[in-house]
Amino acid sequence: MYRFLRLSVLLVGLIAAVGSVAVHAAQPLTTADDLGPVVDQPIEFPHDRHAGDAAKGGMQINCMYCHTYARRSNVAGIPPLQKCIGCHRSIESVRETPRIKKLFEYWEAKKPVPWKKVHDLPDFVRFNHERHIQRFVFAQEKPVQEACGYCHGDVKTMTVARRQKPLSMGWCVSCHQKDHPVSATSTKTTHGPNDCWQCHK
Amino acid sequence: MSITNLLQNWSDFRQQHPSDERPHQEYKWAMSIDLDLCTGCNACSVACYAENNLPAVGKEKFSHGHSHHWLRIERYWHNEDREYADQGAQFLPMMCQQCEAAPCETVCPVGATNHTADGLNSQVYNRCVGSRYCNANCPYKARYFNWYDYPTTADVWPAPMEQQLNPDVTVRGKGVMEKCTFCVQRLTVAKSNARTEGRSVHDGEVQTACQQACPTGAISFGNLIDPESRVAKQWEKQQVKLNHDKQAKDAVHDGDKLRGYRILENLRTYPSVMYLEQLREGAI
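About the criteria used
- Residues numbered from 1 in each chain as written.
- Chains lettered and ligands numbered in written order.
- Predicted model: local features only at pLDDT ≥ 70, side-chain atom pairs only at ≥ 80, totals over all residues.
- Heavy atoms only, no water.
- Helix = DSSP H or I, 4+ residues; strand = E, 2+ residues; numbered from the N terminus.
- Buried < 20%, exposed > 50% of the residue type's maximum accessible area, 1.4 Å probe, protein only.
- Contact = heavy atoms within 4.5 Å.
- Areas by Shrake-Rupley, 256 points an atom, 1.4 Å probe, with all protein chains shown as cover.
- Pairing = 2+ DSSP bridges.
- Axes fitted to C-alpha atoms, helices over the stretch in contact; angles between N-to-C directions.
- Parallel < 35°, antiparallel > 145°, perpendicular 65-115°, else oblique.
- Left-handed = near helix turned anticlockwise from the far one by under 90°.
- Nonpolar A, V, L, I, M, F, W, Y, C, P; charged D, E, K, R; others polar.
- Salt bridge = Lys/Arg side-chain N within 4 Å of Asp/Glu carboxyl O.
- Buried area = accessible area lost by both parts, 1.4 Å probe.
- Polar contact = N/O pair within 3.5 Å; in protein donor to acceptor, adjacent residues only side chain to side chain.
- Phe/Tyr/Trp six-rings, centres within 6.5 Å; stacked < 30°, edge-to-face > 60°.
- Lys NZ or Arg CZ within 6 Å of the ring centre and 35° of its normal.

- Per an unreviewed UniProt entry, chain B is named Menaquinone reductase, iron-sulfur cluster-binding subunit, and its organism is Candidatus Nitrotoga fabula.

- The name given to chain A in an unreviewed UniProt entry is Molybdopterin oxidoreductase subunit, predicted chaperone protein HtpG, with the source organism recorded as Candidatus Nitrotoga fabula.

Given below as structure tokens:
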């Protein structure tokens with residue numbers, strides 16, 4: 001009698017456990033957009049003006065012209081003030097606009113612009129821009145704005161950048177589990193690393 | 001890695017023993033330590049503290065067993081009939097042996113410790129719930145538990161010492177287990193650099209902190225898959241095979257002329273660290 005009881009308890013437990021796993025597995029990994037907080041920058045930098053489409057009055061500048069470390073370092077980098085001034089000292093048409101005046105104030109005071117971080121990952125995460133850019137931009141030959149946009153959203157339509165993607169582990173994994181071609185011409189596909197220590201430090 | 005993935009691919013994360021069916025692809029990190037060269041100076045241990053943000057817990061906590069030395073120097077005395085009792089100590093640097101069939105991995109209730117493709121035994125602090133089963137099951141006692149929230153409650157890094165913390169390594173909080181990682185932060189960088197250049201990591205390109213600090217060069221570290229690496233050559237020469245729990249050389253009469261051995265190999269942990277037996281008398 002007791003044996004049967006025990007068996008049924010075990011079975012119920014087993015079904016419940018399998019069921020909960022099945023329910024869990026049925027939930028799709030989140031890929032939905034999740035707007036981050038608005039970050040007040042010292043200068044309201046118009047990404048749309050610099051990187052946006054020509055039809056909308058943008059200059060279509062490559063993301064990596066300013067965020068130059070993305071292809072060769074862990075971090076994408078914020079351009080030094082010198083880079084802003086390098087172009088803007090010869091663009092007379094906007095020289096007297098309030099944002100550019102503020103930019104030159106920093107330049108004359110010899111102070112860097114205290115930009116604030118928008119895409120901030122937790123300290124225990126190891127993220128490498130280089131690997132992603134090398135793969136998607138250089139190996140797969142995807143357009144730069146599309147490749148950057150996978151994680152950074154449609155920055156070319158924003159003024160001040162705002163986090164658009166969740167940047168959570170499940171969201172990272174949802175892409176790492178997909179098969180991506182190894183190069184633009186190859187039919188061979190691989191998926192991203194699936195190893196805790198690749199990203200957790 | 002989601003929990004769904006973990007459950008679906010359970011066998012990938014709970015490797016029972018090194019098998020030919022699932023060989024290591026590109027890297028198998030391994031170490032060899034020549035005890036004849038080890039002087040017991042503790043430089044490796046100090047380097048490990050600096051590299052991996054280990055808290056120096058102090059004498060009192062140490063005596064309670066709350067120490068955090070991922071790499072410790074064990075001392076052994078063989079001769080009782082010496083003039084001075086402390087004379088003739090032999091030293092053995094002991095850290096996580098990165099077992100291929102790690103006993104810690106099978107007992108973790110939450111899968112916080114599992115095997116990486118490179119043959120490392122990974123510890124994920126975010127997933128650890130602090131059950132300490134892994135520590136209980138580790139035959140080498142190479143795992144250390146955070147009994148306190150060292151950065152905030154115990155003043156282990158008084159200002160401005162927190163400035164020297166390594167940004168590539170998490171500062172662990174209270175209630176998680178930690179252990180030697182073979183300096184995985186350095187391995188990741190080396191692998192990434194190699195990948196950009198379309199090659200494998202060269203031998204000697206990446207060093208662990210302990211290896212870098214060792215004044216006598218007793219520690220060598222590298223990729224066991226690469227037959228040209230120093231470590232692979234040492235293992236080869238000492239006839240120590242990674243996937244054997246009894247080495248064939250030990251059965252042969254002259255086999256004991258070879259100095260290589262792995263600690264507690266008979267427990268079938270298949271450790272990744274080979275020691276080279278000490279021959280000369282200790283000078284100390």
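What follows continues from the structure just given.
1. Some words on the overall build of chain A
Right, so step 1: From N to C terminus, chain A includes 9 helices and 2 strands.
Right, so step 2: Taking all 201 residues of chain A together, 30% fall into the buried category.
Right, so step 3: The contacts of chain A with a sequence gap of at least 6 include a subset with a gap of at least 24, amounting to 60%.
Right, so step 4: If you sum the accessible surface of chain A, you get close to 13100 Å²; carbon and sulfur atoms cover 61% of it.

2. Regarding the environment of T208 of chain B
All names here are of chain B.
Right, so step 1: Topologically, T208 is positioned in the loop between α7 (184–196) and α8 (209–213).
Right, so step 2: Owing to a relative accessible area of 2%, T208 belongs among the buried residues under this scheme.
Right, so step 3: Sequence spacing of T208 and M31 is 177 residues, and the spatial spacing of their C-alpha atoms is 9.7 Å.
Right, so step 4: In contact with T208, not counting residues within four places along its chain, are M31, F182, C183, R186 and F221.

3. Here's the deal with the environment of V75 of chain A
Right, so step 1: Looking at the secondary structure, you find V75 of chain A in the loop between α3 (63–66) and α4 (81–88).
Right, so step 2: The residues contacting V75 of chain A, other than those within four sequence positions of it, are Y69, A70 and H129 of chain A.

4. As for the pairing of strand β1 (residues 29–34) of chain B
All names here are of chain B.
Right, so step 1: Within β1, 6 of the 6 residues are buried, which leaves the element mostly enclosed by the surrounding structure.
Right, so step 2: Of the two faces of β1, the one lined by W29, M31 and I33 and the one lined by A30, S32 and D34 are each fully buried.
Right, so step 3: Relative to strand β8 (residues 219–223), β1 runs antiparallel, the two being bridged by 5 bridges. Residue W29 lies in a different strand from β8, and its bridge partner there is N223.
Right, so step 4: Across 4 bridges, β1 lies against strand β10 (residues 273–276) in parallel orientation.

5. Some remarks on the packing of α4 of chain A against helix α5 (residues 98–108) of chain A
All names here are of chain A.
Right, so step 1: Running from N to C, α4 and α5 cross one another at 125°; their axes reach a closest spacing of 10 Å. The orientation of α4 relative to α5 falls into the category oblique. The element α4 and its partner α5 pack so that their crossing is left-handed. On α5, the residues that touch L81, Q82, C84, I85 and H88 of α4 are I100, L103, F104, Y106 and W107.
Right, so step 2: Split into classes, the residues belonging to the contact of α4 with α5 amount to 8 nonpolar, 2 polar and no charged.

6. As for the pattern of salt bridges
Residues and elements named next belong to chain B.
Right, so step 1: Summed over the entire model, instances satisfying the criterion amount to 15 salt bridges over all chains.
Right, so step 2: E51 serves as the salt-bridge partner of R186, at 2.8 Å between the closest nitrogen and oxygen. Of the two residues, R186 sits in helix α7 while E51 sits in helix α3 (residues 43–51), which places them 135 residues apart along the sequence.
Right, so step 3: Given a relative accessible area of 12%, E51 falls into the buried group.
Right, so step 4: One salt bridge connects R262 with E265, and the closest N-O pair in it is separated by 2.9 Å.
Right, so step 5: The exposure class assigned to R262 is buried, which follows from its relative accessible area of 4%.
Right, so step 6: Overall, E265 belongs to the buried group, its relative accessible area being 9%.
Right, so step 7: Ionic contacts of the salt-bridge type, sharing partners, join the residues D34, D36 and R259 into one network.

7. So, the interface of chain A and chain B
Right, so step 1: Taken together, the contact pairs 19 residues of chain A with 32 residues of chain B.
Right, so step 2: Surface buried jointly by chain A and chain B totals about 2100 Å² across both partners, of which 55% is contributed by carbon and sulfur atoms.
Right, so step 3: Per-residue buried area on chain A facing chain B is highest for C196, W197 and K201 of chain A; these three make up 34% of the total on that side.
Right, so step 4: Taken together, the links from chain A to chain B amount to 0 salt bridges.
Right, so step 5: The interface formed by chain A and chain B includes 8 residue pairs in polar contact (both at pLDDT 80 or more).
Right, so step 6: Listed by contribution, the elements that provide at least two residues to the side of chain A that touches chain B are α1 (2–26), α6 (129–139), α8 (169–176) and α9 (196–199) of chain A.
Right, so step 7: The class makeup of the residues in the side of chain A that touches chain B is 7 nonpolar, 7 polar and 5 charged.

8. A look at unusual backbone geometry
Right, so step 1: In this structure, the amide linkage connecting A159 of chain B to the following residue, P160 of chain B, adopts the cis form with an omega of 5°.
Right, so step 2: Position of P160 of chain B relative to the elements: it lies in the loop between β6 (143–145) and β7 (177–179).
Right, so step 3: Notably, K110 of chain A is not glycine yet its phi reads approximately 55°, a positive angle.
Right, so step 4: With respect to the element layout, K110 of chain A can be found in the loop between α5 and α6.

9. Looking at the packing of aromatic side chains
Right, so step 1: Evaluated as defined, the whole model comprises 8 aromatic pairs over all chains.
Right, so step 2: Look at Y27 of chain B and W29 of chain B: their rings are 5.0 Å apart centre to centre, the planes differ by 10°, and that puts the pair in the stacked class. A single burial state applies to Y27 of chain B and to W29 of chain B, both of which are buried.
Right, so step 3: A ring pair is formed by W29 of chain B and F221 of chain B, whose centres lie 5.6 Å apart and whose planes are at 10°; its orientation type is stacked. Highlighted residues: W29 of chain B in strand β1 and F221 of chain B in strand β8, separated in sequence by 192 residues. Summarising the burial analysis for this pair, W29 of chain B and F221 of chain B share the class buried.
Right, so step 4: An aromatic cluster of at least three residues, connected via ring pairs, comprises Y27, W29, F182 and F221 of chain B.
Right, so step 5: A cation over a ring is seen here: K83 of chain A above Y65 of chain A, with NZ or CZ 4.9 Å from the ring centre.
Right, so step 6: Residue placement shows R95 of chain A over the ring face of F104 of chain A; its charged tip is 3.6 Å from the ring centre.

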